[in-house]
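# Analysis of the macromolecular model
Letter by letter, the chains look like this.
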Amino acid sequence: MSEHFVVQGLAAGRGLKGTIPVRGAKNAALKELAAGLLFRDEVRFTNMPVIEDVSRLIGLLRRMGVLIEGRRTVRMRTPRRMTTELPPDEAERLRASVVLTGPILARWGSVTFPHPGGCLIGARPVDLFLEGFQKMGARIREKNGGYEITAPGGALKGANIFFRTQSVTGTETLMMAAVLARGTTVLENAALEPEIASLAAFLNACGADIRGAGTPTVTVKGGRLLSARGAVWRTPPDRIETGSFLILGALAGDDILITRCNPAECKAVIAVLERAGVPLETSRRTIRIRRAKRYRAVDIKTHEYPGFPTDLQALMAVFLSQAEGEALVFETIFEGRLRYVDELVKMGASLNVCDPHRIIVRGPTRLAGAELESPDLRAGLAYLIAALVADGESVIHTVYNIDRGYERIEERLRKVGADIQRVKE
Ligand code: UD1
């Protein structure tokens, strides 16, 4: 059943006040579940975000024969044998399912999967994954719009792989495959996102030998199944959720304390907000933020970590619609990530699309409540923030997109004073 949010705008009135704890990182949790396939025994994860993408991946793994229980704390046991074919209907709908291919291929010597889906944010090819597997000795056959990959003799072998383009899931997938491959794998021009270093730390704690994760060169000595021996892994805080709350706090916070976060991983967004004039105080695990009366426009350019995250680009455009002056928003990672613009213009924002990668935002503009349809997960949250900043009531359809990555967002924001109702259609 589909649902929508009815949001009352705060406009110039009372702002949000209180504490918002950050949940575990979606982009770490999904990879941890994939990594569970590399284990001979049960693994346990705590601080899992209870979000749709995680439930979907758990559902998909269950369908393949993996035993998984729990939500916030998840116990996972991989059987010795299971199907190596990702269920096409579910895998097509969840881009992140592609990370399962590395562990499955490395452990059972074959994997079949459809071209993965996910957010509508550009072509999102899988060529880097396929080239990496080939370098590790695998053979690839295209079959019914998907791929059938086999490792001769049932095992991958270590290889030197240079990424033409930095890819987060590409790095993680090949790093996990390398854990069970024979010999040493060196990944160069690897992505630097903190979720990669976190994944490697978890795998190393359970017997893997991965060096350099979080730097451009990752070296993996592979060959042995991992063992958790009762250990529990805690999912790190979500830096994109932290950044989302920062942008919300900057626009609508009377006094917001963001807790259970890691500000050290949010430097790019903090630097941009500070430059714009946002008053914020950071400590080791918290950030306090209040809105100011006036902000100045700041150009942003998305970049691989530690640069400004593409996942906060749409939210930042909402922020810039409230800042004084003209700003360039330059999306360098994905070519289809400006689909949110028309709906914000409908609300009164001044956004001009220059080309598939660039927009000019002129502010400040008053936003008016509107009926909105979110094209993807992050744009959905951008709309929610715009609706809270606007005058009057807004309706946001396709709440499902927001639920994919933000846990019960309306309940959590209600606790700090937002008026958001979830309505079944
Ligand atoms: C991950 C994150 C996503 C974030 C993105 C960029 C997860 C589950 N998702 O997505 O939230 O927005 O990083 O920070 O962790 N590319 C290729 N060939 C490939 C793979 C990727 O050309 O085989 C290109 C993509 O089209 C894109 C660029 O590489 O232009 C970077 O994408 P990538 O880092 O792979 O994004 P994801 O890992 O899918």
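A few points on the structure.

Scoring rules and cut-offs
- Residues numbered from 1 in each chain as written.
- Predicted model: local features only at pLDDT ≥ 70, side-chain atom pairs only at ≥ 80, totals over all residues.
- Heavy atoms only, no water.
- Helix = DSSP H or I, 4+ residues; strand = E, 2+ residues; numbered from the N terminus.
- Buried < 20%, exposed > 50% of the residue type's maximum accessible area, 1.4 Å probe, protein only.
- Polar contact = N/O pair within 3.5 Å; in protein donor to acceptor, adjacent residues only side chain to side chain.
- Contact = heavy atoms within 4.5 Å.
- Near = heavy atom within 4 Å.
- Areas by Shrake-Rupley, 256 points an atom, 1.4 Å probe, with all protein chains shown as cover.
- Pairing = 2+ DSSP bridges.
- Axes fitted to C-alpha atoms, helices over the stretch in contact; angles between N-to-C directions.
- Salt bridge = Lys/Arg side-chain N within 4 Å of Asp/Glu carboxyl O.
- Phe/Tyr/Trp six-rings, centres within 6.5 Å; stacked < 30°, edge-to-face > 60°.
- Lys NZ or Arg CZ within 6 Å of the ring centre and 35° of its normal.
- Core = buried A, V, L, I, M, F, W, Y, C linked by side-chain atoms within 4.5 Å.
- Right-handed = clockwise from strand over helix to strand, strands pointing away.

Right, let's talk about the side chain of Gln313 for a bit. With respect to the helices and strands, the residue Gln313 is situated in helix H10 (residues 313–320). When its relative accessible area of 1% is taken as the criterion, Gln313 is described as buried. Reaching out from Gln313, the side chain makes a polar contact with the side chain of Tyr340 at a distance of 2.5 Å. Once residues within four sequence positions are removed from consideration, Gln313 is found in contact with Thr302, Phe308, Val329, Glu331, Arg337, Leu338 and Tyr340.

A separate point is the site of the ligand. For the ligand, the set of nearby residues contains 19 residues, the closest of which are Asp127, Ser167, Thr169, Asp311 and Ile333. Bound to the protein, the ligand loses 88% of the 740 Å² it would expose on its own. Within the residue set of the shell around the ligand, elements represented by two or more residues are helix H1 (26–35), helix H5 (127–135) and helix H6 (168–180). Considering each element in turn, the shell around the ligand owes the most residues, 3 residues, to H5.

With that settled, the discussion passes to the sheet that holds strand E10 (residues 183–188). Strand pairing within a sheet occurs via backbone hydrogen bonds; the two strands may be parallel or antiparallel. The mixed open sheet is built from 4 strands, whose spatial order is E9-E10-E12-E11. A single partner strand is all that each edge strand has here, and the edge strands are strand E9 (160–162) and strand E11 (209–211). Averaged over all adjacent pairs, the angle separating strand axes in this sheet is 15°, with direction ignored. Judged from the 3 bridges that link them, E11 and strand E12 (residues 217–222) form a sheet pairing that is antiparallel. When the sheet's bridge partners are listed, Asp209 is paired in E12 with Lys221.

What the rule picks out here adds up to 30 salt bridges. Across the pair Glu3 and Lys424 runs a salt bridge whose closest N-O atoms are separated by 3.2 Å. Linking Glu3 in strand E1 (residues 3–8) with Lys424 in strand E23 (residues 419–424), this pair joins segments that are 421 residues apart in sequence. Residue classification places Lys424 among the exposed positions, given a relative accessible area of 55%. Where Asp209 meets Arg211, a salt bridge forms, and the shortest distance between an N and an O atom there is 3.3 Å. The class for Asp209 is partly exposed, based on a relative accessible area of 25%. One continuous salt-bridge network, built from bridges that share partners, spans Glu3, Asp403, Arg408, Glu410, Glu411, Arg422 and Lys424.

Applying the stated criterion across every chain yields a total of 5 aromatic pairs. Geometrically, the ring pair formed by Phe202 and Trp233 is tilted, given 5.4 Å between the ring centres and 35° between the ring planes. Taken together, the positions of Phe202 in helix H7 (residues 194–205) and Trp233 in strand E13 (residues 232–234) put the pair 31 residues apart, joining distant regions of the chain. Neither residue differs from the other here; Phe202 and Trp233 are each classed as buried. Every member of this aromatic cluster is reached through a ring pair, and the members are Phe39, Phe45, Phe202 and Trp233. The cationic tip of Arg358 hangs over the ring face of Phe330; the distance from NZ or CZ to the ring centre is 5.7 Å.

In terms of nonpolar packing, the biggest core is built from 76 residues, with Phe319, Tyr340 and Leu413 touching the most fellow members. Looking at which element gives the most residues to this core, the answer is helix H12 (residues 377–389), with 11 residues. Setting aside its immediate chain neighbours within four residues, Phe319 contacts Ile247, Ala250, Leu251, Leu273, Ala276, Val278 and Tyr295. If you look at the next biggest cluster of nonpolar residues, it comprises 74 residues, including Leu30, Met48, Met64 and Ala177.

In space, the 4 strands of this open sheet follow the order E17-E18-E20-E19, with mixed pairing throughout. Looking along the sheet, the strands with just one partner apiece sit at the ends: strand E17 (300–301) and strand E19 (350–355). Bridge count for E17 against strand E18 (residues 325–330) is 2 bridges, and the pairing is parallel. Looking across to E18, one finds that Lys301 is bridged to Phe330. Relative to the sheet, H10 contacts E17, E18, E19 and strand E20 (358–363), its axis offset from that of E20 by approximately 30°.

Following the chain from E17 across H10 to the adjacent parallel E18, one finds a crossover that is right-handed. Both E18 and E20 contribute to a ladder of 6 bridges, which runs antiparallel. Of the residues in E20, the one forming a bridge with Gly325 is Gly363.

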